[in-house]
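Listed below are the residues making up each chain.
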Amino acid sequence: MIGLISATAAGSAGCERVASAWPGRTRVYDGPVGDAVRRAFAECEQLVCFLATGAVVRLVAPLLIDKASDPGVVCVDEGGRFAVSLVGGHGGGANELAREVGELLGAEPVVTTATDSVGVPGLDMLGFPVEGDVAGVTRALLDGEPVGLHAELAWPLPPLAVAPRGRYAIRVTDRALAPAAHEVILRPPSLVVGVGASKGAPVEEVLGLVEDSLRDAGLSAKCVAELATVDAKADEPGILGAAERLGVPVVTYSAEELAKVDVPNPSDAPLAAVGTPSVAEAAALLRGGELLVPKRKSAAQPAMATCAVVRRVARGRLAVVGLGPGARDLLTPRAKDELRRASVLVGLDQYVDQIRDLLRPGTRVLESGLGAEEERARTAVTEARLGQAVALIGSGDAGVYAMASPALAEASDDIDVVGVPGVTAALAAGAILGAPLGHDHVSISLSDLHTPWEVIERRVRAAAEADIVVTFYNPRSRGRDWQLPKALTILAEHREPTTPVGVVRNASRPDESSRLTTLAGLDPATVDMMTVVTVGNTATREIAGRMVTPRGYRWQEEPK
């Protein structure tokens, strides 16, 4: 819950705006400001104070206990110009809250946390446990000192400006090691513990077996991702209690699924009880991995619990990111987040140049020139299969005449794939022209580099006969100068010469240009590869200098 506190009419107006926008996340605290801050600090995970920063400092200072548990505090000035992350930037989420509040109110977020300010990811904000000299290693990263990365496990980490070796080090491991001097240990969720339990097995017996098994194998309990078992045990109190104490979820599988898993130690007992010859080993191994601890029974007599431990191979992450038509303000926030999350960026060199300043220090950039789409797709998938966090970029939307298709054709189910939509060239051009895409529309690329012209022509003819608005991508180049005239001729067989045609070049970029003409008036020689051509249907009209296709499903009469 986010507590909202104000002291003046202007501050109250800001409180009301935030409360209205986030009704399920916020609570307004009234009354004397000091009392309101104290109550909110005790009851909420975060606070937004519409007060002077100095006043909030004095109010919250006596309340601070520990950065790991204190609420995040954001201050907004009464003019609504700035949203200041004051306390709990990382642990309390104040940095992100300041950005959210800033976006909501039109205020400038002010974040002074060192790592956020220079684009270095906080080692304590990577989403899994961290041990050791966090402050010292972070300072070394900020100061540009050599920091060695020792990854015993490949894991899709965000970019870290690391070296092969250095006085400071980051180790990625699930082994139960103590961090050395000037070292940070990252604990990824690499371990799956399969558990079986008799009805009524005590929590202490299940938990003790798991902890003993991990300790004896030299593994860290902080790296346990989940407890896995058969669905017949989904409500077993001993398993649920052990998972709660470990802070992990319980994942269940059907007996039929588990019975198909080849295990080293099958048994008749679970087969008779729940319908599978293995619970612990099969549940741990079902999603693949290396069996580190074979089935082991608890020490109680009779034993009421079994467990097995598997190390899963990290799944690499491939984000296919659409950059939009070119303008920075049309690059989506989600795309920006993925660019900053990726440790490897793959893309066309001119697109990389558009967003190079958004990349975090340590991002490895693999760029190439025009005509290497398949190679870039293979490179991105290969890097993801190595356990990296990869971003593959394309212009517009990456799924529209861009990199998503070749990448996903290359990828299999051994990596995680995330699609990040972008504003397409057709949409950007349509917004400039007016509303040409107000009804059914289709995009057709006139490039015959990958598609035979016979196929393209058949599609153009179908769109013409169906009276659908058409947007032409890749309409004309120096080596392809006849395709656009041919496509226009086909459309002219079904549409009047006065049909509106919109021509937009470099939509959203500094040298953007646009014009509205007609099917008969368009000179194909004025069009190039940086241009999008949109041809209206029989209902499309020019109204007040704008190209408009009626939205209604009944054709509208000619405007009077």
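Quick look at the structure, then.

Reading guide: rules and limits
- Along every chain, residues carry numbers that run from 1 in the direction the sequence is written.
- Totals for whole chains, interfaces and linings use every residue, but because this is a predicted model, local features are given only for residues with pLDDT of at least 70 and side-chain atom pairs only at 80 or more, for both listing and counting.
- Side-chain metrics in this entry use all non-hydrogen atoms of the structure; hydrogen atoms and water are not considered.
- Each helix is a run of H or I in the DSSP string that is no shorter than four residues. Each strand is a run of E no shorter than two, and both are numbered from the N terminus.
- Throughout this description, buried means an accessible area under 20% of the type-specific maximum (1.4 Å probe, protein chains only), exposed means over 50%, and partly exposed covers the range between.
- A contact between two residues is defined here by any heavy atoms of the two lying within 4.5 Å.
- The accessible surface values rely on the Shrake-Rupley method and a 1.4 Å probe; as for residues, cover is taken only from the protein chains in view.
- By convention in these notes, a salt bridge is any Lys or Arg side-chain nitrogen within 4 Å of a carboxyl oxygen on Asp or Glu.
- The rule for pairing is simple: two strands pair if DSSP sees at least two bridges between them.
- Simply put, an axis is a line fit to the C-alpha atoms, just over the touching stretch for a helix, and the angle between two N-to-C directions goes from 0 to 180 degrees.
- Paired rings are identified among Phe, Tyr and Trp, the last through its six-membered ring, by centres lying within 6.5 Å, and are further divided according to the angle between planes into stacked (under 30 degrees), edge-to-face (over 60) and tilted (the rest).

## What about the overall build of the protein chain?
Thinking step 1. When its secondary structure is counted, the protein chain shows 18 helices and 28 strands.
Thinking step 2. Taken across its 560 residues, the protein chain has 47% of its residues classed as buried.
Thinking step 3. Expressed as a percentage of contacts within the protein chain between residues at least 6 apart in sequence, the contacts between residues at least 24 apart total 64%.
Thinking step 4. Accessible surface computed for the protein chain: about 26,500 Å², of which carbon and sulfur atoms make up 52%.

## Comments concerning the pattern of salt bridges
Thinking step 1. Per the stated rule, a full pass over the model turns up 26 salt bridges.
Thinking step 2. The shortest N-O distance in the salt bridge between Arg38 and Asp35 comes to 2.6 Å. Placement of the pair is Arg38 and Asp35 together in helix 2 (residues 33-43), with a separation of three residues, close to one helical turn.
Thinking step 3. Given a relative accessible area of 43%, Arg38 falls into the partly exposed group.
Thinking step 4. Judged by its relative accessible area of 35%, Asp35 is partly exposed.
Thinking step 5. With a closest N to O distance of 3.3 Å, Lys222 and Glu131 form a salt bridge. Of the two residues, Lys222 sits in the loop between helix 7 (203-216) and strand 12 (224-230) while Glu131 sits in strand 7 (residues 130-132), which places them 91 residues apart along the sequence.
Thinking step 6. Exposure remark for Lys222: the relative accessible area of 47% places this residue in the partly exposed category.
Thinking step 7. Residue classification places Glu131 among the buried positions, given a relative accessible area of 16%.

## Quick look at the sheet that holds strand 16 (residues 317-322)
Strand pairing in a sheet relies on backbone hydrogen bonds, with the paired strands running either antiparallel or parallel.
Thinking step 1. The parallel open sheet is built from five strands, whose spatial order is 18-17-19-16-20. Strand pairing shows two members of the sheet lacking a second neighbour, strand 18 (364-368) and strand 20 (416-420), which therefore form its edges. Across the sheet, the mean angle from the axis of one strand to that of its neighbour is 15°, orientation sign disregarded.
Thinking step 2. Here strand 16 runs beside strand 19 (residues 389-394); their pairing, made up of six bridges, is parallel. Looking at the pairing, Gly322 lines up with Gly394 of strand 19.
Thinking step 3. Each of strand 16, strand 17 (344-348), strand 19 and strand 20 is contacted by helix 12 (residues 333-341), which is oriented at about 140° to strand 16, the strand it contacts most.

## Considerations on unusual backbone geometry
Among all residues except glycine, the phi angle is most often negative; among peptide bonds, the trans geometry is most common.
Thinking step 1. Between Gln301 and the following residue, Pro302, the backbone shows a cis peptide bond with an omega angle of -5°.
Thinking step 2. When you line up the elements, Pro302 lands in the loop between strand 14 (290-297) and strand 15 (305-311).
Thinking step 3. Of note in this structure, Tyr401 is not a glycine but carries a positive phi near 50°.
Thinking step 4. Secondary-structure assignment places Tyr401 in the loop between strand 19 and helix 15 (404-410).
Thinking step 5. We note that Ala544 has phi near 55°; this positive angle belongs to a residue other than glycine.
Thinking step 6. Mapped onto the secondary structure, Ala544 falls in the loop between strand 27 (541-543) and strand 28 (546-548).

## So, the packing of aromatic side chains
Thinking step 1. As enumerated under the stated definition, the model contains two aromatic pairs in all.
Thinking step 2. Summarising the aromatic geometry, the rings of Tyr401 and Tyr473 are spaced 4.8 Å apart at their centres and angled 55° between planes, so their arrangement reads as tilted. Taken together, the positions of Tyr401 in the loop between strand 19 and helix 15 and Tyr473 in strand 23 (residues 469-473) put the pair 72 residues apart, joining distant regions of the chain.
Thinking step 3. Taking the relative accessible area as the measure of exposure, Tyr401 reaches 44% and is therefore partly exposed.
Thinking step 4. Here Trp453 and Trp482 contribute two aromatic rings whose centre-to-centre distance is 5.0 Å and whose plane-to-plane angle is 70°, an arrangement assigned as edge-to-face. Here the residue Trp453 occupies a position in helix 17 (residues 453-465), and Trp482 occupies one in the loop between strand 23 and helix 18 (483-492), the gap between them amounting to 29 residues.
Thinking step 5. A relative accessible area of 42% means that Trp482 is categorised as partly exposed.

## Points about the sheet that holds strand 27
Thinking step 1. Strand order in the open sheet formed by three strands is 21-28-27, with mixed pairing between adjacent strands. Single-partner strands in this sheet number two, and they are strand 21 (434-435) and strand 27.
Thinking step 2. As paired elements, strand 21 and strand 28 share two bridges and run parallel to each other. Paired with Ala435 across the strands is Val548, a residue of strand 28.

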